Amino acid sequence: MTDQELISMLLNPVESEKGFRLLISQYKEQIYYVIRRIVLVHEDADDVFQNTMIKVFKNIKNFEFKSSLYTWVYKIATNESLTHLRIRKRLGNFDNNIPENISDNLLTSDEYFEGDRLQLELQKAVAALPEKQKEVFNLKYYEEMKYSDMSKLLNTSEGALKASYFHAVKKIEAFIKKSNII
């Protein structure tokens, strides 16, 4: 189904419920992992995913076709994830001084974490990156997004994105070497 067809369904009062179910099924896995890489905890990622989909549904009439629907949903998911972290930090039940607060237990005790020790260290290293580098790394490494698409999404030049990715990779390599895993 094309973006146009899905949006038409969502805007049609008779088909909006079916369109919403299709929207969720089409983007659930990709958007969930975008959120999960930011908030880290499965239960939080589920909550943020629900908030994201509700926000998409309520605001679909504002979609301007300046990007793909996925890019628009991705941006909403990222903003919702960052808002979630800010709220948790403000309430005092989360401290963004990562990786100190990402204990091995946080990820390994999560029944949805399936990685080995190297995956755990990678998660901690990515979490320790500055927000911009983290976002660029996640888009390039996990989403395999092209720099040209990232540039549109993040309103940044491709050169700046390449530099951010390069610095992120170097920091991750240093973090993992320091952990003595490899």
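Above this text you will find the structure in question.
On a predicted model such as this, the values are computed, not experimentally measured, just so you know. (Residues numbered from 1 in each chain as written. Predicted model: local features only at pLDDT ≥ 70, side-chain atom pairs only at ≥ 80, totals over all residues. Heavy atoms only, no water.)

### Description of the overall build of the protein
(1) Moving on: Tallying secondary structure elements over the protein gives 9 helices and 0 strands in all.
(2) Moving on: Starting at the N terminus, the α and β elements of the protein follow one another as α-α-α-α-α-α-α-α-α.
(3) Moving on: When the accessible surface of the protein is summed, it comes to about 10,500 Å², and 51% of that surface belongs to carbon and sulfur atoms. (Helix = DSSP H or I, 4+ residues; strand = E, 2+ residues; numbered from the N terminus. Areas by Shrake-Rupley, 256 points an atom, 1.4 Å probe, with all protein chains shown as cover.)

### Let's talk about the pattern of salt bridges
(1) Moving on: Taken as a whole and assessed by the stated rule, the structure comprises 8 salt bridges.
(2) Moving on: Across the salt bridge formed by E131 and K134, the nearest N and O atoms sit 3.3 Å from each other. Taken together, the residues span about one helical turn, with E131 and K134 both in helix α7 (residues 131-142) at a distance of 3 residues.
(3) Moving on: The partly exposed category is assigned to E131, whose relative accessible area is 39%.
(4) Moving on: For K134, a relative accessible area of 5% translates into the label buried. (Salt bridge = Lys/Arg side-chain N within 4 Å of Asp/Glu carboxyl O. Buried < 20%, exposed > 50% of the residue type's maximum accessible area, 1.4 Å probe, protein only.)

### A short note on the environment of D46
(1) Moving on: By the secondary structure assignment, D46 is in helix α3 (residues 42-59).
(2) Moving on: Classification of D46 by relative accessible area gives partly exposed; the value is 26%.
(3) Moving on: Spatially, the C-alpha atoms of D46 and I35 are 8.5 Å apart, while their sequence positions differ by 11 residues.

### A look at the environment of I172
(1) Moving on: Note on placement: I172 falls in helix α9 (residues 158-178).
(2) Moving on: Residue I172 is classed as buried on the basis of its relative accessible area, which comes to 6%.
(3) Moving on: Along the backbone, I172 and E121 are 51 residues apart, and their C-alpha atoms lie at a distance of 9.0 Å.
(4) Moving on: For I172, the residues in contact, after removing those within four places along its chain, are L122, A125, V126, L129 and F137. (Contact = heavy atoms within 4.5 Å.)

### So, the side chain of Q133
(1) Moving on: Here Q133 shows up in helix α7.
(2) Moving on: Residues within four places of Q133 in sequence aside, it is in contact with S164, H167, A168 and K171.

### So, the nonpolar core
(1) Moving on: In terms of nonpolar packing, the biggest core is built from 44 residues, with L23, I31, I35, L69, W72, F137 and I172 touching the most fellow members.
(2) Moving on: Elements with a contribution of two residues or more to this core: α1 (3-11), α2 (16-39), α3, α4 (69-91), α6 (117-127), α7, α8 (147-154) and α9. (Core = buried A, V, L, I, M, F, W, Y, C linked by side-chain atoms within 4.5 Å.)

### A closer look at the packing of α7 against α9
Packed helices, taken two at a time, are described by the angle their axes make and the gap between the axes.
(1) Moving on: Contact geometry of α7 with α9 gives a least axis separation of 8 Å together with a crossing angle of 95°. Considering their axes alone, α7 and α9 lie roughly perpendicular with respect to each other. Each of K132, Q133, V136, F137, K140 and Y141 in α7 lies in contact with α9, whose residues at this interface are L161, S164, Y165, H167, A168, V169, K171 and I172.
(2) Moving on: Looking at the contact of α7 with α9 residue by residue, the classes come out as 8 nonpolar, 3 polar and 3 charged. (Axes fitted to C-alpha atoms, helices over the stretch in contact; angles between N-to-C directions. Parallel < 35°, antiparallel > 145°, perpendicular 65-115°, else oblique. Nonpolar A, V, L, I, M, F, W, Y, C, P; charged D, E, K, R; others polar.)

### Focus on the packing of aromatic side chains
(1) Moving on: Under the definition given, this model contains 10 aromatic pairs.
(2) Moving on: An angle of 15° between the planes, with centres 5.8 Å apart, marks the rings of F137 and Y165 as stacked. With F137 in helix α7 and Y165 in helix α9, this residue pair connects regions lying 28 residues apart in the sequence. Y165 shares its class with F137; the two are buried.
(3) Moving on: Members of the aromatic cluster, joined through ring pairs, are F137, Y141, Y142 and Y165.
(4) Moving on: Over the ring of F49 we find K28; its NZ or CZ atom is 4.6 Å from the centre of that ring.
(5) Moving on: In this structure, K140 is placed above the aromatic ring of Y147, and the distance from its NZ or CZ to the ring centre is 4.5 Å. (Phe/Tyr/Trp six-rings, centres within 6.5 Å; stacked < 30°, edge-to-face > 60°. Lys NZ or Arg CZ within 6 Å of the ring centre and 35° of its normal.)

### Details of the packing of α7 against α8
(1) Moving on: Their axes nearest at 11 Å, the elements α7 and α8 cross at an angle of 140°. In this view, α7 runs oblique relative to α8, as classed from their interaxial angle. Crossing hand, α7 versus α8: right-handed. Residues K132, E135, V136, L139 and K140 of α7 pack against Y147, M150, L153 and L154 of α8.
(2) Moving on: Residue composition of the contact of α7 with α8, grouped by class: 6 nonpolar, no polar and 3 charged. (Left-handed = near helix turned anticlockwise from the far one by under 90°.)

So yeah, pure geometry; function would need other evidence.
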